[in-house]
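Chain residues, written in single-letter form:
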Amino acid sequence: MKQHLIVLDLDGTLLTDEKVISAKTKNILQQAKNEGHEVMIATGRPYRSSEMYYKELGLTTPIVNFNGAFVHHPRNSSWKTLHTPIDLKVVKQVVEAVESYSIKNMLAEVLDDVYLHYHDEKILSAFSLGNPQVTTGDLKSLLKTDPTSLLIHAEEDSVDLVRQHLRDVHAEVIDHRRWGAPWDVIEIVKHGLNKAVGLSHVSEYLNIPQERIIAFGDEDNDLEMIEYAGVGVAMGNAISPLKNIANEVTLSNNEDGIAELLIERLNLTK
């Protein structure tokens, strides 16, 4: 069988609800690698909180982080890293405008440095993986460099209002998505970025054509990637819009959906 590129989202896809990789899925991915296929991760997470899974799978490929805003090769320092942050001036405009809505907090990430608008233990615990450098205070004065991403933690009834403002005022310079439950979080990256953009760079580097890419996802930040892949796969627990555009729907992240589809597609043994 010709070489395929297997692309894995993390939360809700590769990871079970307990945030672990099941033994069966790990075994099948190792089989696929042994057969000559490539395996990579494409996630909204920063590298510091995806590195442990990269190492657990023994990957040797580039990784897509921040939904395409940061693409690098952890095992090859000479590989051309792609980092596409948001213009600082735009971020400060957004922060100032959003303060007039009902929001809980805002958080900016400059790669692995975290800047928090208000002190918040719940958010800190969620972002503490990888022990980032955390600075708390007014983002408008704290931020000195273009951030990789900006997160707005809004009150539930303000999410749509904030997103409408972003569409009305900043549509040409930023893209934004809403996180899945239980977080009422709006994630902002530079306009035109998504996992498919990062994936296209990696597939070109690996010399694996689009039609031999098998990509797995579950949320709206996977839409472009699932559409881009030759075989776009929605997990059983995926949102309906993703299932509607996917080529295949597999079992859920808690039922080894990745393993089951790869066994069938790549003729692997259970």
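Residues numbered from 1 in each chain as written. Predicted model: local features only at pLDDT ≥ 70, side-chain atom pairs only at ≥ 80, totals over all residues. Heavy atoms only, no water.

## Quick word on the pattern of salt bridges
- Applying the stated rule across the entire model yields 14 salt bridges.
- Arg 45 serves as the salt-bridge partner of Asp 11, at 2.7 Å between the closest nitrogen and oxygen. Of this pair, Asp 11 sits in helix 1 (residues 10–14) while Arg 45 sits in the loop between strand 2 (38–41) and helix 3 (51–56), and the two are 34 residues apart along the sequence.
- The partly exposed category is assigned to Asp 11, whose relative accessible area is 27%.
- Here Arg 45 falls in the buried class, since its relative accessible area comes to 13%.
- In this structure, Lys 55 engages Glu 51 in a salt bridge whose closest nitrogen and oxygen atoms are separated by 2.9 Å. With Lys 55 and Glu 51 both in helix 3, this residue pair falls four residues apart, about one helical turn.
- It is possible to trace a salt-bridge network through shared partners that takes in Asp 9, Lys 195 and Asp 222. (Salt bridge = Lys/Arg side-chain N within 4 Å of Asp/Glu carboxyl O. Helix = DSSP H or I, 4+ residues; strand = E, 2+ residues; numbered from the N terminus. Buried < 20%, exposed > 50% of the residue type's maximum accessible area, 1.4 Å probe, protein only.)

## Observations regarding the sheet that holds strand 11 (residues 185–190)
- Strands sit in the order 8-7-6-9-11-10 across an open sheet of six strands; the sheet is mixed. If you trace the sheet from one side to the other, it starts and ends with strand 8 (133–136) and strand 10 (174–178), each paired once. Each neighbouring strand pair of the sheet contributes to a mean axis angle of 20 degrees, computed without reference to strand direction.
- The sheet contact formed by strand 6 (residues 103–110) and strand 9 (residues 149–154) spans six bridges and is antiparallel. Its bridge partner lying in strand 9, Asn 105 is registered against His 153.
- Against the sheet, helix 4 (residues 88–98) engages strand 6, strand 9, strand 10 and strand 11, with an angle of about 5 degrees to strand 9.
- Against the sheet, helix 7 (residues 159–170) contacts strand 9, strand 10 and strand 11, and its axis sits at roughly 165 degrees relative to strand 10. (Pairing = 2+ DSSP bridges. Axes fitted to C-alpha atoms, helices over the stretch in contact; angles between N-to-C directions. Contact = heavy atoms within 4.5 Å.)

## Quick notes on the sheet that holds strand 4 (residues 70–72)
- Reading across from one edge, 3-4-5 is the order of the three strands in this open sheet, with antiparallel pairing throughout. Either end of the sheet is taken by a strand with one partner, and the two such strands are strand 3 (63–65) and strand 5 (82–83).
- Sheet topology note: the strand 4/strand 5 ladder contains two bridges and is antiparallel. Of the residues in strand 5, the one forming a bridge with Val 71 is Leu 82.
- Sitting on the sheet, helix 8 (residues 195–206) is in contact with strand 3, strand 4 and strand 5, with an inclination near 160 degrees to strand 3.

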